[in-house]
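Residues per chain, in single letters:
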Amino acid sequence: MLTRRLKRWFTPLSISFLLPAGLLLGYFIYRGMAPFGDSSILTVDLGQQYVDQFAWFKHTLQGQPSGFFYSFANALGGDMISEWAYYLMSPFNLIFVFVPLTWLPSAVLFVTVAKIGAAGWTFAYALHKLNWQRGWALPIFGVQYALMGWFVANDLNLLWLDSVILLPLVVLALEKLLRGGRVWPYPLLLAAAIITNYYMGYMIALFLVLYVGWRLLWPDLAGHRLRAFWRSGYTSLLGGGLTFWLLAPTLYQLKLGKAQYQSTLTWGFDNNPLDLLMKLIPGSFNFSQMQAGVANWFVSAFAFVALMAFFAARHLPRRVKIGAVALLGILILATTWAPLTLLWHGLQYPVWYPYRFSFLLSFWVLWLGALAWRSDFVPRRFSWAFLLLLFGGTVAWSVWRLKATDYISWQQLLIFSGFSILIVMAAAFAPRDRSYRGLLLLLVSAEMFASVVLTLNGFSYLTNSEFQRTVRALQSSQTSTQTDTSWYRTAQTFQRTRGDAMMIDSHGGAHFSSALPKATTTLFANLGQPDGDNYVAYTNGTKLTDALLDMKYVWTPNGKGDGAAGEPNTHLVSYRADLSDYVVKSTTARTYIWQNPNALALGYAANSAARVTKFAENQPLTNQNNWLDGLTGTKTAYFTPQNFTGITVKNLNQPTTITGALLTKKQLGQPAEMSLTFNADGKNSYYLTLGGNVSVKDVDIYLNNQKLSQFDSYRHTIVLNLAASGTTGVQTLTFKPKVDTLSLTNVTLYQLNEAKFQAALKSLRQHTWQITSSNNRALTGKITTTKNQSLIATSVPSAPGWQAYLDGKKVQTTTVANSFLAVNTTPGTHTLSLRYTPPFWWLGVGLSLISALVLAWLTIREKKKR
């Protein structure tokens, strides 16, 4: 009985899963990654972005289904269906539902291992069903696919892997379809590849167009080419139609975000095509290649021996081989020639991780080799010449380029040369008995594992304890405010990532996502907060923005940590002197919970003049002033510029003005500083604007000898908090440049008039929106408006998809400062409901239902015919 079970587990198909999964797991155990040690698998975007999305997956499935459509953990609030379509549609993610947040790194490790194993299995299964390979030849090809250079380089990009895992099954179903097989498997599998990640799905769809063109050259379709072409066409459309419930609203969101950042088309080459040869060397990938490198298409040397079997096969017509070379040439050209590169990336150059479609190049080499290779294949004259040229040329070019590259070493060249020689010798001279395939499997697995070790050894990883310390601090901070049942937002002066709110399911003010709308980044920039194309961070709040955005609580380190990695005081991203005017509500083991007495509700009755408020670029405090003016219907100077009372410099030129000054060191490379003084009157708060070109990476800023913590990436003018209303006396602000020349743009001191500010808040606080029920996509509450305050202004970011119902009747929405959702009313007490439905959601659902019905009808008709 035990022997039978072992045989069942250790079949060639099972080994195609277990071998690559086991090799990768063994490496992770060797590195001591959780749960096998204190290291973790979290690195780069996996640790800074994806793990927070996985936490949101858990929260949504555990009882917040509305989180599939919208989330107030997404910056100040944002669409989520587009984020699910890109980040979270993998069925492997279900494991995250069953583990605590602090165990997520361990769960991610096992998901990664499972996905790599699944890739080996799907490739081997496709070969098995097509009768191209049998027995122990299956894991030879399976392990190459699962551990090819693309998978290893992108093992941290878990969101991309599922589509590539499904690719062999999609092509298998397409092959069956072209040969007259059943109609339903191909569109379902194509839909699955797109749904799990539409970006990879798009690349696969482009490849399938080329694949069908190549297959139509085959003699087995003679007399049936038109029918095969027609079947592949309408089933592909049906497969795409099945995804429209997800894809239609996602494409609309891309129009609001990614599509607004255009890439410039050029007609040149982005890199030297010969550099692709160096990517055939195990471990030819490092951090610099992650940012801007050459396509990752590493496969074993055996893949090219098998490829020679394809071209040597006498039963394959010449036109089929020429078509295969043409498709291979297109894929290679796409990794170097800018127009094709742009096309394969959806008409937009990627930010990091270049040539993301290169898995198709590896797949094609392996697929062609697997189609024709047999154990009795021995390289002949042409094959020998090609292999010698390929492997010898790779070594020669790598030696030539060795000093100019940082991802190739002599050690790697020796490993490549050794495996290439051993594999070619085995192919040429090894006896063709039962042990032959075992020898090839051993050599191929060893080469692929060498690539895993050499590649992943070049990266540093977040420790598990560091991750857990921060998450526990966030959880305890959240717990201390959960007795407050009102609707509110929370700000932080420390941050593990910009996805902290998604990690613990809170209403925060930061986010990091490729699906971020441009309107969100523009809003944050206009308010003086750090922003980028794919992130925002509410780290530079003022009393005014805290109040109007309903930032009722602010979490800060309490200084009780021991400074261990992951403690809140090791993740400071802002300095908030004005918090001394707030109240400490509670204290946790590592944090203070400050309660903001100025916080308004999510909505409030305001003057209708707020609708015409305008925001200007790089004038954050003017924008904040105008925002409050519009809400109150007055013209009041809340923020006023102040002069510095003194200036001294060391090793710098003496500037005549501050803003616009160019500081240049007299002795280059030596320490320098500029000190500015101002008098705090003890009644008002003080803020400093800092231009986007004054990077904290280039200058350290101190207030009274205390270094000001600041989020280190921003591109527009931000606001720094300098002094609370109770601060008196001379304050010294010191700039210490780290560079020889520093330009001071928009460096201006402002004073917040506390008396005027409090008077304005008193006016708005009279009539607030008292929310009685809420989830992530629906808010309902009561509010009273007056003749002078007939507008219900909210701090919900305005976006297509929001619908308003006033006293049960649907009404038109308007905006405040072209940024926030608002509703016009008549004076009186009203019930306001806001509901969010992603644009084109119902259209997409309808198209998917129609596609499903058509596919069902075709399947039933086909079954009757059979």
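Look a little higher up for the structure.
Residues numbered from 1 in each chain as written. Predicted model: local features only at pLDDT ≥ 70, side-chain atom pairs only at ≥ 80, totals over all residues. Heavy atoms only, no water.

Draft legend 1. Expanded view of the overall build of the protein. Regarding its fold elements, the protein presents 27 helices and 29 strands. Taking 29 Å as the expected radius of gyration for a compact globule of 866 residues, we find that the protein reaches 31 Å, a close match to that expectation. On the principal axes, the C-alpha backbone points of the protein span a range of 90 × 70 × 60 Å. Residues classed as buried in the protein amount to 61% of the 866 residues present. In the protein, the proportion of contacts linking residues at least 24 apart, taken out of those at least 6 apart, comes to 78%. (Helix = DSSP H or I, 4+ residues; strand = E, 2+ residues; numbered from the N terminus. Rg over C-alpha atoms; globule rule 2.2 N^0.38 Å. Buried < 20%, exposed > 50% of the residue type's maximum accessible area, 1.4 Å probe, protein only. Contact = heavy atoms within 4.5 Å.)

Draft legend 2. Inspection of the sheet that holds strand β24 (residues 791–797) at higher detail. Taken in spatial order, the four strands line up as β10-β24-β28-β27 in an open sheet, and their pairing is antiparallel. For this open sheet the edge positions go to β10 (603–606) and β27 (814–816), each flanked by a neighbour on one side alone. Mean inter-strand twist for the sheet, computed between neighbouring axes without regard to direction, equals 40°. Sheet contacts for helix α25 (residues 620–632): β10, β24, β27 and β28 (820–824); angle to β10, the most-contacted strand, approximately 65°. (Pairing = 2+ DSSP bridges. Axes fitted to C-alpha atoms, helices over the stretch in contact; angles between N-to-C directions.)

Draft legend 3. Examining the packing of aromatic side chains more closely. Here the structure, examined in full by the defined rule, presents 59 aromatic pairs. Arranged with centres 5.0 Å apart and planes meeting at 80°, the rings of F72 and W487 form a pair that is edge-to-face. Placement of F72 in the loop between β1 (70–71) and β2 (78–79) and of W487 in the loop between α21 (464–479) and β3 (489–492) is noted, with a sequence separation of 415 residues between them. On the accessibility criterion, F72 (1% relative accessible area) is buried. Given a relative accessible area of 10%, W487 falls into the buried group. (Phe/Tyr/Trp six-rings, centres within 6.5 Å; stacked < 30°, edge-to-face > 60°.)

Draft legend 4. Structural context of the packing of helix α19 (residues 410–429) against helix α20 (residues 434–456). Relative orientation of the contacting elements α19 and α20 amounts to 165°, with a least axis distance of 10 Å. Judged on the interaxial angle alone, α20 and α19 are roughly antiparallel. At the point where α19 passes α20, the crossing takes the left-handed sense. Residues Q411, Q412, I415, F419, L422, I423, A426 and A427 of α19 form the contact with α20, whose own contacting residues are Y436, L439, L440, L443, A446, E447, A450 and L454. (Parallel < 35°, antiparallel > 145°, perpendicular 65-115°, else oblique. Left-handed = near helix turned anticlockwise from the far one by under 90°.)

Draft legend 5. Molecular detail of the pattern of salt bridges. Scanning the model with the defined rule gives 18 salt bridges in all. Notably, a salt bridge pairs R496 with D52, separated by 3.9 Å at the nearest N-O pair. Within this pair, whereas R496 is found in the loop between β3 and α22 (500–504), its partner D52 is found in helix α3 (residues 44–61), the two being separated by 444 residues in sequence. With a closest N to O distance of 3.1 Å, R231 and E862 form a salt bridge. Here E862 lies in helix α27 (residues 841–865) and R231 lies in helix α11 (residues 225–241), a separation of 631 residues in the sequence. Comparing R231 with E862, the two get one shared label, buried. (Salt bridge = Lys/Arg side-chain N within 4 Å of Asp/Glu carboxyl O.)

Draft legend 6. Seen up close, the nonpolar core. Within the largest apolar cluster, 194 residues are counted, with the highest numbers of intra-cluster contacts made by W214, W364 and W367. A per-element tally of this core places helix α8 (residues 158–178) first, with 16 residues. Apart from the residues within four sequence positions on either side, W214 is in contact with F310, V320, G323, A324, L327, W364, L368 and L371. Counting 43 residues, the second largest nonpolar core, distinct from the first, contains L549, L621, Y687 and L764. (Core = buried A, V, L, I, M, F, W, Y, C linked by side-chain atoms within 4.5 Å.)

Draft legend 7. Local environment of the pairing of β24. Burial analysis of β24 places seven of its seven residues in the buried class, the great majority of the element. The alternating pattern of β24 places L791, A793, S795 and P797 on one face and I792, T794 and V796 on the opposite face, and all of these are buried. Bridging between β10 and β24 involves four bridges; their strand directions are antiparallel. Each residue of the ladder has a partner; that of A606, found in β24, is L791. With four bridges connecting them, β24 and β28 associate as antiparallel partners. Note on β28: the bridge partner recorded for I792 is V823.

Draft legend 8. Up close: a nonpolar patch on the surface. Residues F840, L843, L847, I850, V854 and W857 make up a contiguous nonpolar surface patch of roughly 560 Å² in combined accessible area. Following the sequence through the fold, L847 ends up in helix α27. (Patch = residues over 30% accessible without salt bridge, like charges linked within 9 Å, V, L, I, M, F, W, Y side chains within 5 Å. Areas by Shrake-Rupley, 256 points an atom, 1.4 Å probe, with all protein chains shown as cover.)

Draft legend 9. Quick peek at the sheet that holds strand β19 (residues 728–737). Taken in spatial order, the five strands line up as β12-β14-β19-β16-β17 in an open sheet, and their pairing is antiparallel. Strands at the two margins of the open sheet, each flanked by one partner only, are β12 (646–650) and β17 (706–707). Relative to β19, strand β14 (residues 673–681) runs antiparallel, the two sharing eight bridges. Looking at β19, one finds that S675 is bridged to T734.

Draft legend 10. Layout of unusual backbone geometry. A34 connects to P35 through a cis peptide bond whose omega is 15°. Residue placement: P35 occurs in the loop between α2 (12–30) and α3. Phi is positive for D505, close to 60°, though the residue is something other than glycine. Locating D505 in the fold gives a position in the loop between α22 and β4 (510–512). Given a relative accessible area of 21%, D505 falls into the partly exposed group. Here the phi dihedral of N746 falls at roughly 55°; this positive angle occurs in a residue that is not glycine. Judged by relative accessible area, N746 falls into the partly exposed class, the value being 25%.

Draft legend 11. Fine view of the side chain of D550. Relative to the elements of secondary structure, D550 occurs in the loop between α24 (543–548) and β7 (551–557). For the buried D550, which has no salt bridge, the nearest side chain bearing the opposite charge is R489, at an N-O separation of 6.1 Å. (Lys, Arg positive; Asp, Glu negative; His and termini not counted.)

Draft legend 12. Region of the structure containing the packing of helix α6 (residues 137–146) against helix α14 (residues 301–312). Where α6 contacts α14, the axes come no closer than 10 Å and their chain directions differ by 125°. Comparing the axis directions of α6 and α14 gives the class oblique. As for the relative orientation of α6 and α14, their crossing is left-handed in sense. On α14, the residues that touch I140, F141 and Q144 of α6 are F302, A303 and A306. Looking at the contact of α6 with α14 residue by residue, the classes come out as five nonpolar, one polar and no charged. (Nonpolar A, V, L, I, M, F, W, Y, C, P; charged D, E, K, R; others polar.)

Draft legend 13. Here's a closer look at the side chain of S675. Its location among the elements puts S675 in strand β14. In this structure S675 comes out as buried when scored by relative accessible area, which is 11%. Of note is the side chain of S675, whose polar atom sits 3.2 Å from the side chain of T734. (Polar contact = N/O pair within 3.5 Å; in protein donor to acceptor, adjacent residues only side chain to side chain.)

Draft legend 14. Broad picture of helix α26 (residues 754–765). Compared with the 16 Å implied by 1.5 Å per residue over 12 residues, the 16 Å span of α26 between its first and last C-alpha is a close match. Looking at the buried side of α26, the elements it contacts are α24, β10, α25, β15 (685–690) and β21 (748–752). One side-chain oxygen at the N-terminal end of α26 lies 3.2 Å from the backbone nitrogen of A755; it belongs to N753. (Expected span 1.5 Å × (residues − 1).)

Draft legend 15. Broad picture of the environment of T748. In this structure, T748 sits in strand β21. If near-sequence neighbours (up to four positions away) are discounted, T748 is found in contact with P641, T659, Y687, L688 and T689.

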